[in-house]
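For reference, the chains in residue letters:
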Amino acid sequence: GLTLAGEPPLTFVDSVLKAFPSPIRNASQVPDAVDVYRRVLAASPPRSVTIASVGLLTNLELLLRSGPDAHSPLDGYALVAEKVALLSIMAGDYPTSGPRFAECNACGCFNGA
């Protein structure tokens, strides 16, 4: 799948896999997130999808940057614009938090797609 060139790998998934029993041992055992997003969106009626993101925004960024593929002739921006009715993102950066305490999803872990 599409990747963010020059980005260090995120270690959260690795730490979860080490801490909890799971038949999944690495990312090669699960479908690519962008491929899943594109397949589901392409098969959905216009403006019928709600996406609730409760973690890092990397996969959404990669979706928006994605190009046409076997699922849809639309690029990521066009596909999301056509199919998504609501995008809800869990993130918080409150004035009293200060930069050291901003919620992780709002601290610049993504490239602003």
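Just so we're clear, the structure is a prediction, and the values are computed from it rather than from any experiment.

**Q** Help me get a handle on the pattern of salt bridges, residues and values and all.
**A** A side chain of one charge can pair with a side chain of the opposite charge when the charged atoms of the two come close. On inspection of all chains with the given rule, the structure shows 3 salt bridges. Note that Asp-69 is salt-bridged to Arg-38, the shortest N-O span being 2.7 Å. Remark: Arg-38 occurs in helix α2 (residues 33-42) and Asp-69 occurs in the loop between α3 (58-65) and α4 (76-83); sequence separation between them is 31 residues. Residue Arg-38 is classed as buried on the basis of its relative accessible area, which comes to 1%. Two residues, Glu-82 and Lys-83, come together in a salt bridge whose shortest N-O distance is 3.6 Å.

**Q** Outline the environment of Val-54, supporting the account with residue identities and numerical values.
**A** As for its position among the elements, Val-54 is in the loop between β1 (49-53) and α3. Measuring from C-alpha to C-alpha, the distance between Val-54 and Ser-88 comes to 8.4 Å, with 34 residues separating the pair along the chain.

**Q** Lay out the nonpolar core with the relevant residues and their values.
**A** A general feature of soluble globular proteins is that nonpolar side chains tend to end up buried together. With 10 residues, the main nonpolar core is built from Leu-41, Val-49, Ile-51, Leu-57, Leu-60, Leu-63, Leu-64, Leu-79, Val-80 and Val-84. Put simply, the parts of the chain that give this core at least two residues each are β1, α3 and α4.

**Q** Can you explain unusual backbone geometry? Please cite residues and give values.
**A** With a phi angle near 50 degrees, Arg-47 is a residue other than glycine that sits in the positive phi range. Summarising the element assignment, Arg-47 is placed in the loop between α2 and β1.

**Q** Which residues make up α4, and what values go with them?
**A** Every buried residue belonging to α4 is among Gly-76, Leu-79, Val-80 and Lys-83, and all of these are buried. Axial view of α4: buried residues confined to an arc of 95 degrees, hence all on one face. With a side-chain oxygen lying 3.2 Å from the backbone nitrogen of Tyr-77, the N-terminal cap of α4 falls on Asp-75.

**Q** Please provide a residue-by-residue account of the pairing of β1, values included.
**A** Here β1 shows one buried face, formed by Val-49, Ile-51 and Ser-53, and one open face, formed by Thr-50 and Ala-52. Direction of pairing for β1 relative to strand β2 (residues 84-89): parallel, over a ladder of 5 bridges. Among the inter-strand pairings, Val-49 is bridged to a residue of β2, identified as Val-84.

What counts and how
Residues numbered from 1 in each chain as written. Predicted model: local features only at pLDDT ≥ 70, side-chain atom pairs only at ≥ 80, totals over all residues. Heavy atoms only, no water. Salt bridge = Lys/Arg side-chain N within 4 Å of Asp/Glu carboxyl O. Helix = DSSP H or I, 4+ residues; strand = E, 2+ residues; numbered from the N terminus. Buried < 20%, exposed > 50% of the residue type's maximum accessible area, 1.4 Å probe, protein only. Core = buried A, V, L, I, M, F, W, Y, C linked by side-chain atoms within 4.5 Å. Arc of directions from axis to C-beta. Polar contact = N/O pair within 3.5 Å; in protein donor to acceptor, adjacent residues only side chain to side chain. Pairing = 2+ DSSP bridges.

Keep in mind that these numbers describe shape and distance, not what the molecule does.
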